[in-house]
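# Inside the fold
If you want the building blocks of each chain, they are given just below.
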Amino acid sequence: TMNLMDNYSLYFCHVLSNSFYPVLQRAIGVGSAFEGWSPREQDVVYRVLIPMTPPRGHSFHLELDGAGQRHVRNFRVRVQLECTCTREQQAGDMLCFLHHPEEELRRNQDPSLLDTLCTGSYLDVQKTARWFYQLVRAIWPALPQSHNWHLVLLPSTRSCQFKVANREASFRIEMVFGVRRDDSAVFVSSQTREAHTASTIWPESYAVAEAEFFKHIARQAPPDSLHLKCLQFFTRLPLGFGFSTYTMKTIVMHLLSVIPVSSWRRRDLLDRLQDIIDSLRLCVHAKRLNHFIVGNRRLPQDIHLPADVQTGGTYNLLLHLAQQPDAHAQAIHEYEVL
């Protein structure tokens, strides 16, 4: 998957080098497939995040949207035109969107990003997704993979999903796109957990920070570490429990931050499984499980977060148990069965 993404990145760079579309950076693998614990090996989605930076003559400004849900931080990406008169005099390769007459711009230069992928002054997720689909389809015949694999584009409004297949295998890939917050591992991303999200809303994503945490653990873990197997065990249970995959992942991440990686070896398997189930019991009865990234000041120093994410208050992933007595009773019942 990453080899395919690297090939795409080379062509993205070539095709978009003189355009006024977003500049696409190298893909970052995120999610369970790249963290090493996919709950369903037979139906793995390889999710990658494509960082975007503004094209020449433009800048991105992230604005926190206060109308979102209480525990979902949503942003808008405001696109602003920047003066390029000095650059133009030096290079002579573009006209200034701010200071050249509109008629001359229409006649001699491609439209600005504001006129292609934006709604009003804000970058539009759905327009960007459609643009991604066009890019992926157009570039595919030039890639070496196209000689041996077949590309099938899959429907999506907030990402670019496709499948590559041959007679022996198939891989499902989802390209999510986002804008990095400062110089951190936190992005505003096209991906959302909500069913209906406005096309100019970009939810804050911690997927890259979480992937970096698992890489940090992998660098320290002994060869026979079973921390990923422990997580797989609880996310593969086929009994229909209401405890989400993300809940179990968060519990394991919290435990990995307090239990030394040397204590996750094969001989420790039963103890660690017991720790996970005990942590779940405590969280269900307390109706509380803190988000692992937001408000966590104990993260490894090589995982950089914006100040408001690291030092701000965390939020409770099990808040619905505190608000809905029936849901809490059901969770206690499911825990006892588990």
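Residues numbered from 1 in each chain as written. Predicted model: local features only at pLDDT ≥ 70, side-chain atom pairs only at ≥ 80, totals over all residues. Heavy atoms only, no water.

## Details of the confidence of the model for the protein chain
Looking at the protein chain, pLDDT values average 91 and 95% of them are 70 or higher. Mean pLDDT per element in the protein chain: helix H3 (residues 85-91) is the minimum at 63, and strand E7 (residues 122-123) is the maximum at 98. (pLDDT = per-residue confidence, 0-100. Helix = DSSP H or I, 4+ residues; strand = E, 2+ residues; numbered from the N terminus.)

## So, the side chain of Gln145
Looking at the secondary structure, you find Gln145 in the loop between helix H5 (125-139) and strand E8 (150-154). Accessibility expressed as a relative area gives 14% for Gln145, which makes it buried. Polar contacts involving the side chain of Gln145 include one to the side chain of Asn7, which spans 3.0 Å. Contact partners of Gln145, with chain neighbours within four places excluded, come to Asn3, Leu4, Asn7 and Trp140. (Buried < 20%, exposed > 50% of the residue type's maximum accessible area, 1.4 Å probe, protein only. Polar contact = N/O pair within 3.5 Å; in protein donor to acceptor, adjacent residues only side chain to side chain. Contact = heavy atoms within 4.5 Å.)

## Some thoughts on the domain arrangement of the protein chain
Partitioning the protein chain into structural domains gives domain 1 (1-206) and domain 2 (221-337). For domain 1 versus domain 2, the distance between C-alpha centres works out to 31 Å. Across the boundary between the two partners, domain 1 contributes 18 residues, which contact 19 residues of domain 2. Interface area, domain 1 with domain 2, both sides summed: about 1600 Å², of which 59% is carbon and sulfur. One salt bridge connects Asp308 with Arg181, and the closest N-O pair in it is separated by 3.2 Å. Here domain 1 and domain 2 share 6 residue pairs in polar contact (both at pLDDT 80 or more) between them. Considering only residue class, the side of domain 1 that touches domain 2 consists of 5 nonpolar, 4 polar and 9 charged. (Domains from an automatic or database assignment. Buried area = accessible area lost by both parts, 1.4 Å probe. Salt bridge = Lys/Arg side-chain N within 4 Å of Asp/Glu carboxyl O. Nonpolar A, V, L, I, M, F, W, Y, C, P; charged D, E, K, R; others polar.)

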